[in-house]
Amino acid sequence: MSKAANRLLQSLVAATCVALGVSSHAADMTRDNGSLVGDNQNSQTAGPNGPALLQDSQLIEKLQRFDRERIPERVVHARGTGAFGEFVPTTDISDLTKAEVFTPGTKTPVFVRFSTVMGYRGSPEQARDPRGFAIKFYTAQGNWDLVGINWPIFFIRDAIKFPDFVHANKPSAVTGVQDPNLAFDFFAHTPEATNMLTHLYTDEGMPDSYRHMDGFGVHAFKLVNAQGQVHYVKFHFRSEQGVHGIRPQNIPGSIGADWNLMTNDLYGALKAGNDPKWDLYVQVLTPEDLGKFDFDALDDTKIWTGVPERKIGTLTLNRVPDNYFETTEESAFAPSRMVPGIEPSEDRMLQGRLFSYADTQMYRLGANFNDLPINRPRVPVVNNNQDGAMNSGDRKGEVNYEPSTLGEIPQDPRYKYVQTPLAGTTQQAAIHKTLNFRQAGEYYRTLSEQEKEDLVTALSSDLSRVTNDTNKYTMLSYFFKADTDYGARLAKATHADLSRVRSLADKLAEN
Ligand code: HEM
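Residues numbered from 1 in each chain as written. Predicted model: local features only at pLDDT ≥ 70, side-chain atom pairs only at ≥ 80, totals over all residues. Heavy atoms only, no water.

We now examine the side chain of Thr108. Assignment of secondary structure puts Thr108 in strand β2 (residues 108–116). By relative accessible area, which is 3% here, Thr108 ends up buried. Among residues more than four places away in sequence, those in contact with Thr108 are Gly85, Glu86, Phe87, Val101, Phe137, Tyr138 and Thr139. (Helix = DSSP H or I, 4+ residues; strand = E, 2+ residues; numbered from the N terminus. Buried < 20%, exposed > 50% of the residue type's maximum accessible area, 1.4 Å probe, protein only. Contact = heavy atoms within 4.5 Å.)

To continue, consider the coordination of the iron atom of the ligand. Exactly one protein atom donates to the iron atom of the ligand; that atom is Tyr357 (OH), 1.8 Å from the metal. With respect to the element layout, Tyr357 can be found in helix α9 (residues 348–364). (Donors = N, O, S within 2.8 Å, 3.2 Å for Na, K, Ca; no water.)

The next thing to look at is the pattern of salt bridges. Counted by the stated rule, this structure contains 27 salt bridges. Salt-bridge contacts for Arg310 lead to Asp95; the nearest nitrogen and oxygen are separated by 3.3 Å. Pair noted here: Arg310 is in strand β9 (residues 309–319) and Asp95 is in the loop between β1 (80–89) and β2, with a separation of 215 residues, a long-range link. Arg438 is paired through a salt bridge with Asp294; the nearest N and O atoms lie 2.7 Å apart. With Arg438 in helix α10 (residues 438–446) and Asp294 in the loop between β8 (277–285) and β9, this residue pair connects regions lying 144 residues apart in the sequence. (Salt bridge = Lys/Arg side-chain N within 4 Å of Asp/Glu carboxyl O.)

It is worth spelling out the environment of Val177 at this point. Tracing the backbone through its elements, the reader meets Val177 in the loop between α3 (162–169) and α4 (180–187). The spatial distance from the C-alpha of Val177 to the C-alpha of Glu288 is 47 Å, given a sequence separation of 111 residues. Ignoring anything within four residues of it in the chain, the contact list for Val177 reads Pro171 and Ser172.

Taken together, 24 residues sit near the ligand, with Arg74, Arg113, Arg353, Tyr357 and Arg364 positioned nearest. One of the side-chain nitrogen or oxygen atoms of Tyr357 is found 2.7 Å away from a nitrogen atom of the ligand. Every element with two or more residues in the shell around the ligand is listed here: β3 (131–139), β4 (142–149) and α9. Looking at the shell around the ligand residue by residue, the class counts come to 13 nonpolar, seven polar and four charged. (Near = heavy atom within 4 Å. Polar contact = N/O pair within 3.5 Å; in protein donor to acceptor, adjacent residues only side chain to side chain. Nonpolar A, V, L, I, M, F, W, Y, C, P; charged D, E, K, R; others polar.)

Tracing the chain through its elements places Asp506 in helix α14 (residues 498–506). By relative accessible area, Asp506 is classed as exposed at 56%. Residues Asp506 and Phe137, 369 residues apart in the sequence, show an inter-C-alpha distance of 48 Å.

Contact geometry for α4 and helix α12 (residues 469–482): axes closest at 9 Å, N-to-C directions at 55 degrees. Compared by their axis directions, α4 and α12 come out oblique. Handedness of the α4/α12 crossing: left-handed. The segment α4 lies against α12, with Phe184, Asp185 and Phe187 engaging Asn471, Met475 and Tyr478. Residue composition of the contact of α4 with α12, grouped by class: four nonpolar, one polar and one charged. (Axes fitted to C-alpha atoms, helices over the stretch in contact; angles between N-to-C directions. Parallel < 35°, antiparallel > 145°, perpendicular 65-115°, else oblique. Left-handed = near helix turned anticlockwise from the far one by under 90°.)

The next point concerns the pairing of β1. Of all ten residues that make up β1, eight are buried, and the element is covered over most of its length. With eight bridges connecting them, β1 and β2 associate as antiparallel partners. Residue Phe87 lies in a different strand from β2, and its bridge partner there is Thr108. In the sheet, β1 pairs with β9 via six bridges, with the strands oriented antiparallel. (Pairing = 2+ DSSP bridges.)

Between the first and last C-alpha of α12 there are 20 Å, a value that for 14 residues agrees with the 20 Å anticipated at 1.5 Å per step. Here α12 lies mainly inside the structure; eleven of its 14 residues are buried. Every buried residue of α12 is listed here: Asn471, Lys472, Tyr473, Thr474, Met475, Leu476, Ser477, Tyr478, Phe479, Phe480 and Ala482. Of the surrounding elements, those touching the buried residues of α12 are α4, α5 (194–200), α10, α11 (449–463), α13 (484–493) and α14. (Expected span 1.5 Å × (residues − 1).)

This paragraph deals with α9. Over its 17 residues, α9 extends 25 Å from the first C-alpha to the last, a length consistent with the 24 Å expected when each residue adds 1.5 Å. For α9, the principal kink sits at Leu354 and spans about 25 degrees. Listed in full, the buried residues belonging to α9 are Met349, Leu350, Arg353, Ala358, Gln361 and Arg364. Two residues or fewer after α9 comes Gly366, characterised by a positive phi angle close to 105 degrees. (Bend = angle between axes of the 7 residues up to and from the residue.)

Let's shift gears to the layout of surface pockets. Size it by volume and the largest pocket reaches roughly 1,900 Å³. Lining the largest pocket are 48 residues, with Pro380, Val381, Val382, Asn383 and Asn385 positioned closest to its centre. Breaking the lining of the largest pocket down by element, the ones donating at least two residues are β4, β10 (342–344) and α9. Here the lining of the largest pocket is composed, by residue class, of 21 nonpolar, 16 polar and eleven charged. (1 Å grid on protein atoms, 1.4 Å probe; cavity = no way out; pocket = protein on both sides within 12 Å on 5 of 7 lines; lining within 4 Å. Points joined across faces, edges and corners; volume = space filled by probe spheres on them.)

What follows is about the environment of Glu309. Within the secondary structure, Glu309 sits in strand β9. For Glu309, a relative accessible area of 31% corresponds to the partly exposed category. As a C-alpha pair, Glu309 and Tyr281 span 28 residues in sequence and 5.6 Å in three-dimensional space. Those residues within four positions of Glu309 in sequence are excluded, and the remaining contacts are His236, Arg238, Tyr281, Val282 and Gln283. Separated by 2.5 Å, the side chains of Glu309 and His236 make a polar contact. Polar contacts involving the side chain of Glu309 include one to the side chain of Arg238, which spans 2.6 Å.

On the UniProt side, "binding site: heme" (unreviewed entry) is annotated at positions that read Tyr357 here. Judged by relative accessible area, which is 22%, Tyr357 ranks as partly exposed. Excluding anything up to four places from it in sequence, Tyr357 contacts Val147, Phe333, Ala334 and Pro335. Looking at Tyr357, its side chain comes within polar contact range of the side chain of Arg353, at 2.8 Å. (UniProt positions renumbered as here; feature names shortened; annotations may be inferred.)

Encoded structure:
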């Protein structure tokens, strides 16, 4: 805001305060209780040489507030950048869903947070890492969070492995430095990660800008229409700016030049009025279609190959938030936050995520994190949840239970969850159709010669640092199994014995 506009605002506030009969000193510094501060530069002391006084409430309050400025950073995706924008649907998909966010003509405000995964909050934005692409849609039916990344797949397929995956990939518990020995120790026991690792080590693993990457919901979700019919869908946001990554030889320069390259690029574009856009596409399957693949269609390490994409809308970012902490840091996204017409699939990773996000947010931000302005739905919240630390939900009335004849809150049966047919007994068993390597090979073969070279350069550089021979050869056998040319090039680049790689790959169950 310009100085002139600020002065105008202050005089308007002052005039309003006079009209309301309260005094206003909008221009003057106050304490947190609103009382005026006379001197913010000199503490009260006992004479010229004496100690500071306990009665100096401004000094004490200022230090107390400063001492409490930090909250726990996110356990993953700590380094992030947020922006406001809007989502506009372009196609009627009422055949698929009753969710009003998809009704053509509806404009839904959004907040998007991009992030790296493994680094600390202040870490460089250039890192070989997936990028978070989390979207909060403030819909007329409540908030819908789509908490995705820049690829359509993930490393693992069962939520029970997630803490181990993160521990192995985060900075070491001893040195505080990321270590490929630990990461590949985990991945050597995780053949399903071969597809995602292949994506990670291409140039796309180092996007040159948040604007130059796609976004994917990764999991299958259920869309439910007004008749209760279910379709399984995947959400794909395709960048209108194109997808660009940084080649391995240019990485040191880009990190040296600007640690905050991604934020500076995004905010620079937004401030210049160069608003980035992504087109939203869905892939759609009927419940009967799910079984028709030779992989498990609810396995998030797999792409739904051969399923056409249908364009349904456009996401535009158009505004840099005014306050980093109150938006980017305090924003809380959760895959469990859905609206009627959008429901979770039975994907085992998604099922774990449905629990984990709100749980960590109650720890990171407190039980009433949904009352924070960035998280608050733009529709009234009407239920009997109450109290807790820092509550400001403004709940009214003493009937805070139900059933009740005194103040029952109505519920509309049209919004009940859809019924899902089940079979079998409870169990603890891996999925049957694992197909761990084939899609990695298919993806490798779509790459240009330069992209293949860059992939081998980047991946072999980390694999060469793996000192445990068993882990190194196991990893090489996975890539060889995916594609023999891919595996052979990596073996050469890491000075490995190709016949040993081949014989290990031959023992792997499937291609
Ligand atoms: C079971 C597996 C997973 C678990 C338990 C898990 C857990 C978490 C947790 C605890 C956070 C921090 C949230 C916060 O502090 O607000 C987080 C952030 C995030 N996760 Fe996951 N995650 C899992 C898998 C995934 C997958 C598969 C994706 C991609 C599709 C993903 C994308 C993200 C993103 C984008 C964020 C950052 C959200 C933001 O910007 O605030 N996660 N995850």
